[in-house]
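Okay, here's what each chain looks like letter by letter:
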Amino acid sequence: MSNTYSTAKKKISKRILQSIGKFWQDHENEDFQVNIEGECIKCHSFILASCSEFFRSLLRSNMKEKLEMKVDLQNIPMNIFQLILKTLYTGCDLLTKDNVLEVWSAVHQLQIDCLIEHCEDFAIENVSIETLETYKKQAEFLQCDRFCEEVFPFILENFMSIRKTQTFYHLDVKEMTKLIESDKLVVGSEDDVLYSIYDWVSYGDLTTPNVQKSDGSSTTDMTAAKELVTNVSAVNDKDSNKRKQNAPALAQEYSSVLSQENSSVLSQENSTAISQSEKSDERTHYLLQLVNSTRYYLLSEACIRKFLLHKFTQSNAHAKNILYEALLSKSSNTPNRFWPAAATHRNTSCSEHVGIMIGCVTQAFSFQGQMWFKISE
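Residues numbered from 1 in each chain as written. Predicted model: local features only at pLDDT ≥ 70, side-chain atom pairs only at ≥ 80, totals over all residues. Heavy atoms only, no water.

An unreviewed UniProt entry lists the protein chain under the name Kelch-like protein 8, with Biomphalaria pfeifferi as the source organism.

## Observations concerning the pairing of strand β2 (residues 39-43)
Just so we agree on the cut-off: DSSP calls a pair of strands paired once it identifies at least 2 bridges connecting them. Helix and strand assignments come from DSSP, with helices taken as H or I runs of at least 4 residues and strands as E runs of at least 2, each series counted from the N terminus.
Note: strand β1 (residues 32-36) against β2, 5 bridges, orientation antiparallel. Across the sheet, residue Q33 finds its bridge partner in β2, namely K42. Hairpin remark: β1 followed by β2, antiparallel, with 2 residues in the connecting loop; positive phi at E37, about 50°.

## What to know about the nonpolar core
Let me state the cut-off plainly: What we call a nonpolar core is a set of buried Ala, Val, Leu, Ile, Met, Phe, Trp, Tyr and Cys residues that are connected through their side-chain atoms within 4.5 Å. The buried label goes to any residue with under 20% of its type's maximum accessible area, the exposed label to any with over 50%, and the partly exposed label to all in between, with areas taken from a 1.4 Å probe on protein chains only. Contacts between residues were defined by any pair of non-hydrogen atoms, one from each residue, lying within 4.5 Å.
V34, F81, F147 and I197 are the most contacted members of the largest nonpolar core, which has 84 residues in total. When near neighbours in sequence (up to four residues on either side) are disregarded, V34 contacts E39, C40, I41, C43, L48, F55, V71, L73 and F81.

## Side note on helix α6 (residues 100-110)
Taken together, the buried positions of α6 are V100, V103, W104, A106, V107 and L110. Elements in contact with the buried residues of α6: α3 (53-60), α5 (78-90), α7 (113-125), α8 (132-141) and α9 (145-157). Just downstream of α6, Q111 is the residue with a positive phi angle, here 60°.

## Description of the side chain of K136
Filter applied, for reference: Polar contact is the term for a pair of N or O atoms within 3.5 Å; when the atoms are in protein, one must be able to donate a hydrogen and the other to accept it, and sequence-neighboring residues count only if both atoms are side-chain atoms.
Positionally, K136 belongs in helix α8. A polar contact is formed between the side chain of K136 and the side chain of E175, at a distance of 2.8 Å.

## Overview of unusual backbone geometry
Of note in the backbone geometry, E37 takes a positive phi value of approximately 50° without being a glycine. Within the secondary structure, E37 is located in the loop between β1 and β2. The residue N75 is not glycine, and still its phi comes out positive at about 65°. The residue N75 is located in the loop between β3 (70-72) and α5 in this model. With relative accessibility at 74%, the residue N75 sits in the exposed group.

## Some details on empty space enclosed by the protein
Our working definition: A 1.4 Å probe that fits but cannot get out identifies a cavity on a 1 Å grid over protein atoms alone, an open set with protein on both sides within 12 Å along at least five of seven lines counts as a pocket, and a residue lines either if it has an atom within 4 Å of a point. Grid points are joined across faces, edges and corners, and a volume is the space filled by probe spheres set on the points. Just so you know the grouping, Ala, Val, Leu, Ile, Met, Phe, Trp, Tyr, Cys and Pro go in nonpolar, Asp, Glu, Lys and Arg go in charged, and all remaining residues, Gly too, go in polar.
On inspection of all chains with the given rule, the structure shows 1 cavity of 30 Å³ or more. Put simply, the largest cavity is a space of about 30 Å³. Lining the largest cavity, in full, are L48, S52, F55, F81, I84, L85, L88, L110 and I112. The dominant element in the lining of the largest cavity, judged by the number of residues it contributes, is α5, at 4 residues. Along the lines of polarity and charge, the residues of the lining of the largest cavity split into 8 nonpolar, 1 polar and no charged.

## Notes on the packing of aromatic side chains
Each aromatic ring pair is described using two quantities: the centre-to-centre distance and the angle formed by the ring planes. Stated precisely, the cut-off is as follows: Any two rings among Phe, Tyr and Trp, with Trp reduced to its six-membered ring, count as a pair given centres within 6.5 Å; such a pair is stacked if its planes are under 30 degrees apart, edge-to-face if over 60, and tilted if neither. Sitting over a ring, as applied to charges here, requires NZ of Lys or CZ of Arg to be within 6 Å of the ring centre and within 35 degrees of the ring normal.
For the coordinates displayed, the defined rule picks out 11 aromatic pairs. Aromatic pair F54 and F55: ring centres 5.1 Å apart, planes at 80°, arrangement edge-to-face. Seen in terms of ring centroids, F159 and F168 are 5.9 Å apart; in terms of plane orientation they differ by 80°. Their pairing is edge-to-face. Assessed through its relative accessible area of 1%, F168 is described here as buried. Taken together, the aromatic side chains of F159, F168, Y169 and Y203 make up a single cluster linked through ring pairs. K178 extends its terminal NZ or CZ atom over the ring of F152, reaching a point 4.4 Å from the ring centre. Just above the ring of W200 sits the side chain of R283; from NZ or CZ to the centre is 4.1 Å.

## A word on the packing of α8 against α9
What counts here: Each axis is a line fitted through C-alpha atoms, taken for helices only over the stretch in contact, and angles between the N-to-C directions span 0 to 180 degrees. Roughly parallel here means an angle under 35 degrees, roughly antiparallel means over 145, roughly perpendicular means 65 to 115, and every remaining angle is called oblique. Rotating anticlockwise by less than a right angle from the far helix to the near helix defines a left-handed crossing, while the corresponding clockwise rotation defines a right-handed one.
The interhelical angle for the contact between α8 and α9, taken along N-to-C directions, is 155°, at an axis separation of 10 Å. The orientation of α8 with respect to α9, classified from their angle, is roughly antiparallel. As for how α8 packs across α9, the hand of that crossing is left-handed. Across the interface between the two elements, L132, Y135, K136, A139 and E140 of α8 pack against F147, C148, V151, F154 and I155 of α9. Looking at side-chain class alone, the contact of α8 with α9 contains 8 nonpolar, no polar and 2 charged residues.

Dropping the structure here:
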């Protein structure tokens, strides 16, 4: 019975729409005029007012346009307005990949909510690596928060591909932080996240080429990095009680070690470049915030060594301390009583965090799956 009633309602809606469409075809009782690009379009004020907040407000006012029943529209092409008008009369689909940006802008100007939502839906459904930046710029210009929220999972899932495009470098710091903090970020390893951060921070700084992840570094850098780890480990083994101190405090103590090693790596020219970078690229101010948002305990030792020697790290004591903390966790044999958030694997990791209960039967609780399972002996 309910299906029959629903079908009847659809038929009635279709008939009403067809009846309204006849006004478009027959041009009868047209009482309003829209002037665009020197041309005149006759239409019905009740159609415009029922769908557009712009026209509704205009027709309720005592403005000249209301008295003369005509309006001049700017910044909307004639063909786009005709397409919008036809849709309002007939309900036909108006969007293609070629016209969606122009239609989207026009319906925002005219405040046609149903078509604004339609444009947003179209952009969300057709987003790809190639179209993401174009649609994202349009959404930001039109202050369309819904689009940005809806495509966020797409960016998380395709992060490593987007990472190679200009879209990545045009992300703002809030978006970068939100991506890095997400458990659903799809990356090969946490090293990819840190490389991405330094590339994003370096964007626009002509003194620093983008960091390219590779299997090795220059001989000088790798030698200095290896000596750094050796020295840190030596100091760590010399006084085991210091393992119990906070890593930032240890980092302060070991900072002289890194400074000595860096003297052979960082030239005077590089120091000048650091100064220029700080003045020309404000993104360096966000380095600490971004590095602190990573799962830095999961970074590889090679990655930590590399970025401890990076000029941006050297000019940011707090970011340097975080990487020290991660490095010390690799060489320390003292287990942590509490599992730090910075050591939590992402959802796409091949590893999983579990709680172990040892009794008659050894069981593990999966925090991600929210379930217990037996561990075979």
